[in-house]
Structures are given as structure tokens and as C-alpha cells.
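Chain by chain, the residues:
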Amino acid sequence: MTLRSRAIVSVALVALWVQGCTAQTVPSDRAVDSVRLAAAAAETESWLSYGRTYDEQRFSPLDQVNSETVGRLGLAWSYDTGRGRGHEATPLVEGGVMYFTSSFSVVYAVDARTGEELWIYDPDVPGAWARNACCDAVNRGVALWEGHVFLGTLDGRLVKIDATTGEVVWEINTIDRERPYTITGAPRVVKGRVIIGNGGAEYGVRGYVSAYDVESGDLAWRFFTVPGDPSLPFEHDGLEQAAETWSGEWWIIGGGGTVWDSMAFDPELDLLYVGTGNGTPWSRTHRSPGGGDNLYLSSILALDPDDGRLVWHYQTTPADNWDYTATQHIVLADLEIEGARRRVLMQAPKNGFFFVLDRETGELISAEKYSVATWATHVDMETGRPVEAPEGYYDDGAKVIYPAPGGAHNWQPMAFHPGTGLVYIPSHERSGYYGFDEEFEYTPGGNWNLGTGVTKEEEANEPQAPRRALLLGWDPVAQEARWSYEQPSESNGGLLATAGDLVFQGTSDGRFAAFDAASGDLLWSVQTDVGILAAPITYELDGEQYVSVLAGYGGVGGGPHAIAMTKENPGRLFTFKLDATAPIPEVPDKKRVLASIDEPHGTPEQIENGARLYGEHCSRCHGSEAVGRGVISDLRYSRAAVHEGWDSIVLDGRYSTMGMDSFADVLSAEDSTNIHRFVVAQMDLARAES
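Residues numbered from 1 in each chain as written. Predicted model: local features only at pLDDT ≥ 70, side-chain atom pairs only at ≥ 80, totals over all residues. Heavy atoms only, no water.

Visitor: Sorry, what's going on with the overall build of the protein chain here?
Guide: On a plain count of helices and strands, the protein chain comes out with 10 helices and 37 strands. Against the compact-globule benchmark of 26 Å for 690 residues, the protein chain has a radius of gyration of 24 Å, which places it among compact chains. Expressed as a percentage of the 690 residues in the protein chain, the buried residues total 62%. For the protein chain, restricting intrachain contacts to residue pairs at least 6 apart in sequence, the fraction spanning at least 24 positions comes to 62%. Accessible area for the protein chain stands at about 24,600 Å²; split by element, carbon and sulfur atoms hold 49% of it. When the 52 positive and 98 negative side-chain charges of the protein chain are each reduced to one mean point, those points stand 3 Å apart. (Helix = DSSP H or I, 4+ residues; strand = E, 2+ residues; numbered from the N terminus. Rg over C-alpha atoms; globule rule 2.2 N^0.38 Å. Buried < 20%, exposed > 50% of the residue type's maximum accessible area, 1.4 Å probe, protein only. Contact = heavy atoms within 4.5 Å. Areas by Shrake-Rupley, 256 points an atom, 1.4 Å probe, with all protein chains shown as cover. Lys, Arg positive; Asp, Glu negative; His and termini not counted. Charge placed at Lys NZ, Arg CZ, Asp CG, Glu CD.)

Structure representation (C-alpha cells):
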């Protein structure tokens, strides 16, 4: 624990015990255990796990805030995290205390009635580790169990924290620290075991999901999602079968298949469901040159939570070639299909198809497109496999393909309303450029290993169409949209559905809004001036319903309408209730000045080489074409001192503690110069347009 954390804990303890706050401001005496988590749907005063309940429906029976009263919602309180970058966590509420995380895996505990800070725990993640994160230094939340908080850190640790004091109980390493692994997902606790996965498939890792004993931290089991070196013994049953679907020497790079987000649990069937990610590299021709489905990439796995044994699997994108992960939100529900009640699992993964499976057997019940998807025509119901289209194959030339690597739906959670029978999906219609990189070579460390190359519009088969961001009310039985609402901005937040017949969502342009769950009509919205990616929650204390959402833009977000392009980006938690009148805190405008520098202009060849290198190494954080996404620095508006010390930043790691690691392992001095020449050229364009 940092000195700041200890100081805050001391202040909090004085406030709680010396000033005599009520017992409801500390974790309740009712332990959060298997019984309580299984019955979490009945608790209106709490939000005990990531999706509220083990089935991950993100539905609340609260209805004080409803379609008639929602217009009276006002801000009750807000809390600033003091951190920028992406805030993606779903807060948890137990015993009147709210627990949530910010960027770089920092944990906060606040009074759920007032927002009063109780403690902060900072795991001191090395800033340089951010280089290993494909999509910002984000964290999606914590898990609760018997008076403790469990956290997965960006640099691969699992931490057990005392929920009352914020003190660390134990901390364990979950990864090979020589590989570029990360943890951004929220852990789950199932039957006394903490379940955690990891990320890093873009870079070169081997995916797995692990279970640790909540008391000791001992590893109970580990399920590897892709086979390792077939000359060595396989770690568990299922990998020998999986190895038959791979070829080449995939294990040198790692294979991918990371479990970086979705999980759900069915206590009656005693099955744990996890979604797996893309392969390393993205290009299957490079990854597995002899073909094969590459199990268990882009799959839904049903595991025995006691020993990690594979019970069944379903692969949503066999031989994934496009970064179409199946790590998106998994929802469990009981639906009436063709006159019979079916226990189903539902997912809208990146690939654009909505899948309904029997969650006991893994049988495919139905699959239809919920978005534009040109890579496949349909899913064959006899084989259960998507039927690929020629338009989705890019080895023979650069193509524009739907969906883009960001997917038709990414990590932002869906919600299911048992009353309307609809699944609400934060969806996108967007295409991406794909091209085959014939010169691909694996580069170890925190470097992209995609094998797809960097393509330009003039090299592709057609120009990209305008992107659309949609909120869908999807009927999973009829497999069609009952309604859709087009948002004016891209990369919006996750969802919450309530018995008040409402669906809540935040947006990248700073709005927090409520929609009619049956019709999709916009009923209420408020401008927060902070971009919202996270999913909201709701809870009830002292007879009042609260609605909370964490704001702070980042991740893979971007686009011209993101409010972070023009406003500063404070991490901020907003909590609303009826008839509250607290003012929305102001957010300053960004101050952008094009520096006057003496840097020489590059030759066309230098600028072209710099653009290519920038795309390979810089764009994932600083935005394509050096046009910032509004969160990490827009390099066109760098201070003169940045230009003067360019090599000390890029090659020497001067800003490594801030997340900008040295790239001397992959860039030469000439490369650094060429990237700089490209950035200066982009500055000149911005100056001409201003």
C-alpha cells in the first residue's frame, strides 16, 4: 500500500469509528458468499458482482425511477478519481459502500449515499507496462467475497484487499512476466475460488483462465485455451484434440486465445462460461499455415468450476482471421423457444452474429446477423459454422471488411430485460481495412504481431462507409431488432435495464441517457461533459433508488464527436436519484496550441516511412494519422520541449512512468527521426486547416 493509501485509510477510519457513522456505511455482517451471490437478484440494496447476478443479465427489479418519473432524475453526488484515461469499471455496492476501479487498476471505496471517500488502494502498476495493453491502461472492476475485495492488476497480479480498511491481505503473480500479458477484466468469485483471465493476444501470448483459492491464494486449476508445444505433455484434456486443429509452430508466438473479459456462472448446472479471444497473429495464414480451426480461439467454453475441466465448447469464428473475439458479454436466461422453455446462453461477439446456445449442452439454437457482416453470409445450422464469403478473404489483396477489428459489439456489456424479453446491445456498424503482410516476422515484447499489414484506402477494394453507433433492442427468440436508436457518437457505454421499463447508457459525447425499454424512445438525458464507456448500476438505500455510472474516456474509443476531443477528461463517478439538485461539475476546454519549432521538414520518403512506422507502433495509443483520440496526447499539439527531446522520449523512455515506454528495442534512431518528420508534417496540415 502506498503512503497516500495509508493516509486515506487513517482518515476514513477516524470518520467511521470516531465520528460514529452508522453501521450501514461499512460492509454488512452478511457475508458475500456462494449463497448470497446465487440469490443476488433479490437484493435491491446491493450490486454484488460484475453483471449484478451470476447470469450477467444486468437487470434490476427497482422501479422507483421509471418511464414516468425518470424526468425528475438529478445528480445526487459525484466523485473525482484524479486520473484521466479510460474508466471502464462497473461499480459494486455492498453494505452501503461502493467499490470501483480507475485506470492503472486503482481501487476506490466510497460511501454509496454521499460519495464520501473511505479509502484508496493503488497497486503501483509500472507506467511502462501500459505498452503491453492493446487498448489503454483500463480496468473493469473488482469482485467481493466475505469482507474482501479482489482485484486483477494491469501487470498481471491478483490482489486480495480488506474491504473495510483497504489493506492488502495477499498478492500473487498470475502471469509469465517475460511475456506481454495484461489484466483488464473484472475477476469473479465462484464456489470459493477467484476466477481471472488475461489479455495480450495482439502481442504474442498463450491464453488461459485460472482459479485461485480465496483464502490462501493458491492456484486451484488453470485452463489453457490453446495448445502449447505438441512435443510436450498437454496440460489438460481437450488440448490434444485442439492441437489437431493447428499447424506450423504457433506456440513460439503463443497462439493467443486470451480470456480477457466475459464470464458467467450457472449454479444449478454448476457450469462456468468464459469467452476466448483472437489468435496471434491475426492472420491465420501466418498463425497456422496448414489450416485448421485453431481451437479454442474465439470460442465460448463451458468449464467445471471445481477443476477447470472442459464440458463443452462452441467456436463463434473458426480459424479467426479478423480479430473477431468471443470475449464479449455472455448473458444467461430462460427463453420460450418453439413452445419449450430453454436454458440459454446468449452472446453478440465482435463478428456481427447473435448466438443463442443451449447452456447445458452447447447446442446451437440460432444465429443471425445483428449488424453488417460481410466476412460471412450466414451460420449453417447443420454444422454450426459461419459460412465465409469471398469478400472476407484478404490474402489476395487489401479489402474493406465488416465488421472492423473493433467489432460490431466490443466489451461494453449488454443487458437483458425479462419483462420485454429483449437483449439490449451497444452495437456499431463499421468496416475495417485488412491486408496480408507478406513480410511479417514475430517481434517479442510489447509490440503488435498481427500479420495483417497496414493498409490504405487506395489499396482496398472499396472505400469505407460512414460508421454508425446503434443501441439495439434485440429479440433473441425471433432473432431480429425490435427497435434501434442511432447515437450521434461512436464507442459508447455499456447498458443497464430496470423494471422501471428503462435502459440506461452513457455516450462518448458525454451524455447519460435513459430509453424506453419497449420502444427505444429517448426519455431523459443529461450532459456530463465526460465521455462514458462503463456500464451503469442501480441500487436502493433508505427507500431511495440511485443510478451510478463511471465516466472517463479512453480504451479504443475515438471519433470526431467524442467530447474528450475538445474537453479535458477527468475520471468521474456520477450518482443520480429523483429530485436531487447537485450541479454537474464543470470540465475545462482543452487548450491546444501548435508549437513553433525549428524542426526541419522531412523528405517525402522520410514522411512515408514515418507514417508506416507510426501506424505500426504509435497509432494504438496516439490515434491514426497522429490525430489524437482525445485521451492520450495528440502529438500534433505537443509542446516545443517534446520536439526538442523527441529521442529521449521515444528511445530513452523519459516518460516511461507515465505509460510511454522506450521503443529502442524496435526502433532505430533513424526510425525515430522519420516518425518525428511524419508528426511534424501532420502539424503542418493542422496549421493549414486552422
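Still to come is the rest of the account.
Visitor: Looking at this structure, how should I read the environment of serine 668?
Guide: One can find serine 668 in the loop between helix 9 (646-650) and helix 10 (669-689). We classify serine 668 as partly exposed; its relative accessible area is 34%. Measuring from C-alpha to C-alpha, the distance between serine 668 and leucine 651 comes to 8.0 Å, with 17 residues separating the pair along the chain.

Visitor: I tried to follow the pattern of salt bridges on my own but got confused; where do I start?
Guide: Side chains carrying opposite charge are able to pair once their charged atoms draw close together. Applying the stated criterion across every chain yields a total of 40 salt bridges. Between aspartate 155 and arginine 157 there is a salt bridge; the shortest N-O distance is 3.2 Å. Each member of the pair, aspartate 155 together with arginine 157, is buried. Each of the salt bridges in this network shares a partner with another, and the network as a whole consists of Arg30, Arg36, Glu43, Glu45 and Glu94. (Salt bridge = Lys/Arg side-chain N within 4 Å of Asp/Glu carboxyl O.)

Visitor: Would you mind going over the pairing of strand 10 (residues 168-173) with me for this structure?
Guide: Two faces make up the sheet, and in a regular strand the side chains alternate between them. Bridging between strand 9 (residues 157-162) and strand 10 involves 5 bridges; their strand directions are antiparallel. The residue bridging valine 159 from the neighbouring strand is glutamate 171, located in strand 10. Hairpin geometry of strand 9 and strand 10 is characterised by an intervening segment of 5 residues between the two adjacent antiparallel strands and by a positive phi of about 80° at glycine 166. (Pairing = 2+ DSSP bridges.)

Visitor: Explain the state of the cysteines to me, please; I cannot follow it from the model alone.
Guide: Within the structure shown, the criterion is met by 1 disulfide. Between the sulfur atoms of cysteine 134 and its disulfide mate cysteine 135 the distance is 2.1 Å. Between cysteine 134 and cysteine 135, the S-S dihedral sits near -90°, and the bridge is therefore left-handed. Take cysteine 134: its relative accessible area is 21%, and that puts it in the partly exposed class. What makes cysteine 135 partly exposed here is its relative accessible area of 25%. (Disulfide = S-S within 2.5 Å.)

Visitor: Please explain the sheet that holds strand 22 (residues 364-369) as it appears in this structure.
Guide: The strands making up a sheet associate through backbone hydrogen bonding, with each pair oriented either parallel or antiparallel. Read from one edge of the open sheet, 4 strands run 19-20-21-22, paired in antiparallel fashion. Strands at the two margins of the open sheet, each flanked by one partner only, are strand 19 (330-337) and strand 22. Ignoring which end each strand starts from, the neighbouring axes of this sheet average 25° apart. Strand direction decides the pairing type here: strand 20 (residues 340-347) and strand 21 (residues 353-358), joined by 4 bridges, are antiparallel. Looking at the pairing, methionine 346 lines up with valine 356 of strand 21. (Axes fitted to C-alpha atoms, helices over the stretch in contact; angles between N-to-C directions.)

Visitor: Would you mind going over the sheet that holds strand 34 (residues 522-527) with me for this structure?
Guide: Read from one edge of the open sheet, 5 strands run 1-31-32-33-34, paired in mixed fashion. Single-partner strands in this sheet number two, and they are strand 1 (59-60) and strand 34. The pairing of strand 1 with strand 31 (residues 495-498) spans 2 bridges and is classified as parallel. Paired with serine 60 across the strands is threonine 498, a residue of strand 31.

Visitor: Sorry if this is basic, but what is going on with the packing of aromatic side chains here?
Guide: Describing an aromatic ring pair means giving the distance of the ring centres and the angle of the ring planes. A full pass over the atoms with the stated rule returns 31 aromatic pairs. The interplanar angle of 25° and the centroid separation of 5.5 Å between the aromatic rings of phenylalanine 512 and phenylalanine 576 together place this pair among those described as stacked. Within this pair, whereas phenylalanine 512 is found in strand 33 (residues 511-516), its partner phenylalanine 576 is found in strand 37 (residues 572-578), the two being separated by 64 residues in sequence. Judged by relative accessible area, phenylalanine 576 falls into the buried class, the value being 1%. Arginine 131 extends its terminal NZ or CZ atom over the ring of phenylalanine 663, reaching a point 4.1 Å from the ring centre. The residue whose ring lies beneath arginine 206 is phenylalanine 224, and the NZ or CZ to ring-centre distance is 4.0 Å. (Phe/Tyr/Trp six-rings, centres within 6.5 Å; stacked < 30°, edge-to-face > 60°. Lys NZ or Arg CZ within 6 Å of the ring centre and 35° of its normal.)

Visitor: I'm lost on unusual backbone geometry in this one. Help?
Guide: Across the chain, the bulk of peptide bonds are trans and the bulk of non-glycine residues have phi less than zero. Backbone torsion omega between threonine 280 and proline 281 reads -10°, so that peptide bond is classified as cis. Note that proline 281 resides in the loop between strand 16 (271-275) and helix 5 (284-287). Note that the residue after leucine 295, namely tyrosine 296, is joined by a cis bond; omega there is 0°. Tracing the sequence through the fold places tyrosine 296 in the loop between helix 5 and strand 17 (299-303). Even without a glycine there, the phi angle at arginine 52 is positive, about 75°. Tracing the sequence through the fold places arginine 52 in the loop between helix 2 (34-38) and strand 1. Taking the relative accessible area as the measure of exposure, arginine 52 reaches 3% and is therefore buried. Of note in this structure, serine 105 is not a glycine but carries a positive phi near 65°.

Visitor: Explain the environment of glutamate 360 here, please?
Guide: Structurally, glutamate 360 can be placed in the loop between strand 21 and strand 22. Residue class for glutamate 360 comes out partly exposed when judged on its relative accessible area of 42%. Spatially, the C-alpha atom of glutamate 360 lies 8.6 Å from that of tryptophan 312, the residues being 48 residues apart in sequence. When sequence neighbours within four positions are dropped, the list of residues in contact with glutamate 360 reads Leu269, Leu271, Tyr273, Trp312 and Arg343. Within the structure, the side chain of glutamate 360 is placed 3.2 Å from the side chain of arginine 343, a separation counted as a polar contact. (Polar contact = N/O pair within 3.5 Å; in protein donor to acceptor, adjacent residues only side chain to side chain.)

Visitor: Just to check I follow, could you spell out the side chain of threonine 182 for this structure?
Guide: Checked against the element boundaries, threonine 182 lands in the loop between strand 10 and strand 11 (188-190). Overall, the relative accessible area of 5% leaves threonine 182 in the buried class. Residue contacts for threonine 182: discarding those within four places in its chain leaves Trp129, Asn132, Ala133, Leu154, Asn198, Gly199 and Gly200.

Visitor: When you look at the environment of glutamine 527 in this model, what are you seeing that I'm missing?
Guide: By the secondary structure assignment, glutamine 527 is in strand 34. For glutamine 527, a relative accessible area of 35% translates into the label partly exposed. Not counting residues within four places of it along the chain, the set of residues in contact with glutamine 527 comprises Asp509, Gly510, Arg511, Ile563 and Ile584. Among the polar contacts made by the side chain of glutamine 527, one reaches the main-chain carbonyl oxygen of aspartate 509 at a distance of 3.3 Å. At a separation of 2.8 Å, a polar atom in the side chain of glutamine 527 contacts the main-chain amide nitrogen of aspartate 529.

Visitor: What is the right way to read the nonpolar core from this model?
Guide: Nonpolar side chains tend toward joint burial in soluble globular proteins. One finds Met98 and Phe504 to be the most contacted residues of the largest nonpolar core, which totals 88 residues. Ranked by residue count, the leading element in this core is strand 36 (residues 544-551), at 5 residues. In this structure, Tyr324, Leu357, Ile401 and Tyr434 belong to the second largest nonpolar core, which totals 25 residues. (Core = buried A, V, L, I, M, F, W, Y, C linked by side-chain atoms within 4.5 Å.)

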